[in-house]
Amino acid sequence: MKKTILLFSIAVLLASCSLSNDQPNFEYKLLPVTSVVVPTQYAVDSITNITLKYKRPSSCYYFNNFYYKVEGYERTVAIETMKSLQNDCTADNETLYEVNLKFKPSFEGVYHFKFWTGTNSSGVDEFLEYDVDVNH
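Residues numbered from 1 in each chain as written. Predicted model: local features only at pLDDT ≥ 70, side-chain atom pairs only at ≥ 80, totals over all residues. Heavy atoms only, no water.

(A) Main features of unusual backbone geometry. Positive phi values are uncommon outside glycine, yet Asp45 reaches one of about 60°. By the element assignment, Asp45 lies in the loop between strand E2 (35–37) and strand E3 (48–55). Looking at Asp45, the relative accessible area reads 53%, which means it is exposed. (Helix = DSSP H or I, 4+ residues; strand = E, 2+ residues; numbered from the N terminus. Buried < 20%, exposed > 50% of the residue type's maximum accessible area, 1.4 Å probe, protein only.)

This is the structure:
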């Protein structure tokens, strides 16, 4: 009986896979943060919104999520977008978009945030950096 279920499962899995060479119609891209509004008060187990602003290069970029890397009390943040691979995109480098990062600290202490603002002419990552004190 187990072999029958296993064979049936494999058959269904293979039948659901597409063998065509279709390329994905989007790719993930990180966009730099233009500015950040960091609140002054934080509490353990309480959600605080940190407002990030960014520009997108064209109408083919859509907000997907945040790149969010945690190392102890340090947080590195960037804007993660999905870029559509279509050809009818229009330039959109002037509009400022706003998204909220929900931060819920688990422990008291000073958290160090690094918001990625892009790379300089030497290819080195640059950041807006803030320390936030979670003291209650």
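There's plenty left to go through after this.
(B) Spatial organisation of the state of the cysteines. Scanning the model with the defined rule gives one disulfide in all. For Cys60, the disulfide goes to Cys89, at an S-S distance of 1.4 Å. Between Cys60 and Cys89, the disulfide has an S-S torsion of -85° and is therefore left-handed. A residue pair is termed long-range when its members are at least 10 positions apart, and Cys60 in the loop between E3 and strand E4 (61–71) and Cys89 in the loop between strand E5 (74–84) and strand E6 (96–103) qualify at 29 residues. Taking relative accessible area as the criterion, Cys60 reaches 0% and is therefore assigned buried. Judged by relative accessible area, Cys89 falls into the partly exposed class, the value being 28%. (Disulfide = S-S within 2.5 Å.)

(C) Region of interest: the nonpolar core. Grouped together as the largest cluster of nonpolar side chains are 19 residues, with contacts concentrated most on Ile50, Leu52, Ile79, Phe103, Phe113 and Phe115. For this core, the elements supplying multiple residues, two or more each, are E3, E4, E5, E6, strand E7 (109–119) and strand E8 (125–134). Excluding residues within four positions of it along the chain, Phe113 makes contact with Ile50, Tyr68, Arg75, Val77, Leu101, Phe103, Leu128, Glu129, Tyr130 and Val132. (Core = buried A, V, L, I, M, F, W, Y, C linked by side-chain atoms within 4.5 Å. Contact = heavy atoms within 4.5 Å.)

(D) Local environment of the environment of Phe63. Locating Phe63 in the fold gives a position in strand E4. Spatially, the C-alpha atom of Phe63 lies 6.4 Å from that of Glu80, the residues being 17 residues apart in sequence. Setting aside residues up to four positions removed in sequence, Phe63 forms contacts with Tyr54, Ile79, Glu80, Thr81 and Val99.

(E) Representation of the confidence of the model for the protein. Considering every residue of the protein, the mean pLDDT works out to 86; 82% of them sit at 70 or more. Within the protein, no element has a lower average pLDDT than helix H1 (residues 2–16), which sits at 50, and none a higher one than E2, at 97. Predicted confidence is poor over residues 2–7, with pLDDT under 50, and the contacts of this stretch with residues over four places away or in other chains come to zero contacts. (pLDDT = per-residue confidence, 0-100.)

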